[in-house]
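# Results of the structural survey
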Amino acid sequence: MQEQPEPTPAVFAYEVHCDFCTITYNDLNGESRTVRSNVGKWSFKILERTPSNLRLSVVTTLSSYQSIQAYILKDGEVVYGDLGYNRAEIAYSTVNGSGTSSFGSYIPSTSPGGSNQNGGSSSSSSVCGAKNKSGGYCKRVVSGGGRCWQHR
């Protein structure tokens, strides 16, 4: 009988792009860890046993508008995440491959032409988030979610 090689376990990671933010995440043991005053790109690879639930929380430390890109990666590819403003909360189950998220939205302090109310309706849009050749992530806004025309 031939021995079957052990399957290589998936490598999960957190990745955040933000300036002046506090990042809270669950580590390998499921314990909450915090990185304060992050500037630029931050990532944390989970190289050993993967917890069943990954959690990531990002909050900007300045009150002004700031964008946050928060992602969960599996083997270097984005499996969950998006772009938001001033805050991001992500939970992802590695067992069933699904997640939940909540991102802040940018609301300008003044809107041209009067009120900024849209009659209670809201449209759903997100950022493509596909990894590009330069190692970053696509920032095109996609109405209804999913990938942009170039990354489908």
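Located above this text is the structure these notes cover.
As a rule of thumb, non-glycine residues mostly have phi less than zero, and peptide bonds are mostly trans rather than cis. Phi angles above zero are rare outside glycine, and Ser37 is one such case at about 55°. By the secondary structure assignment, Ser37 is in strand E2 (residues 32–46). Note on Ser37: relative accessible area 52%, which makes it exposed. In this structure, Asp75 takes a positive phi of about 50° despite not being glycine. Mapping Asp75 onto the fold places it in the loop between strand E4 (67–74) and strand E5 (77–85).

This part is about the pattern of salt bridges. Enumeration according to the criterion identifies three salt bridges in this entry. The salt bridge partner of Glu31 is Arg33, with a shortest N-O separation of 3.3 Å. The class for Glu31 is partly exposed, based on a relative accessible area of 40%. On the accessibility criterion, Arg33 (36% relative accessible area) is partly exposed. Each of Asp27, Glu31 and Arg33 takes part in salt bridges that share partners, so that together they form one network.

The next subject is the environment of Ser57. Among the structural elements, Ser57 can be located in strand E3 (residues 53–60). Residue classification places Ser57 among the buried residues on the basis of a relative accessible area of 16%. Ser57 sits 31 residues away from Ala88 along the chain, and the two C-alpha atoms are 5.6 Å apart. Every residue in contact with Ser57, bar those within four places of it in the chain, is listed here: Thr22, Ile23, Thr24, Ala88 and Glu89. Reaching out from Ser57, the side chain makes a polar contact with the side chain of Glu89 at a distance of 2.8 Å.

Conventions used here
Residues numbered from 1 in each chain as written. Predicted model: local features only at pLDDT ≥ 70, side-chain atom pairs only at ≥ 80, totals over all residues. Heavy atoms only, no water. Helix = DSSP H or I, 4+ residues; strand = E, 2+ residues; numbered from the N terminus. Buried < 20%, exposed > 50% of the residue type's maximum accessible area, 1.4 Å probe, protein only. Salt bridge = Lys/Arg side-chain N within 4 Å of Asp/Glu carboxyl O. Contact = heavy atoms within 4.5 Å. Polar contact = N/O pair within 3.5 Å; in protein donor to acceptor, adjacent residues only side chain to side chain.

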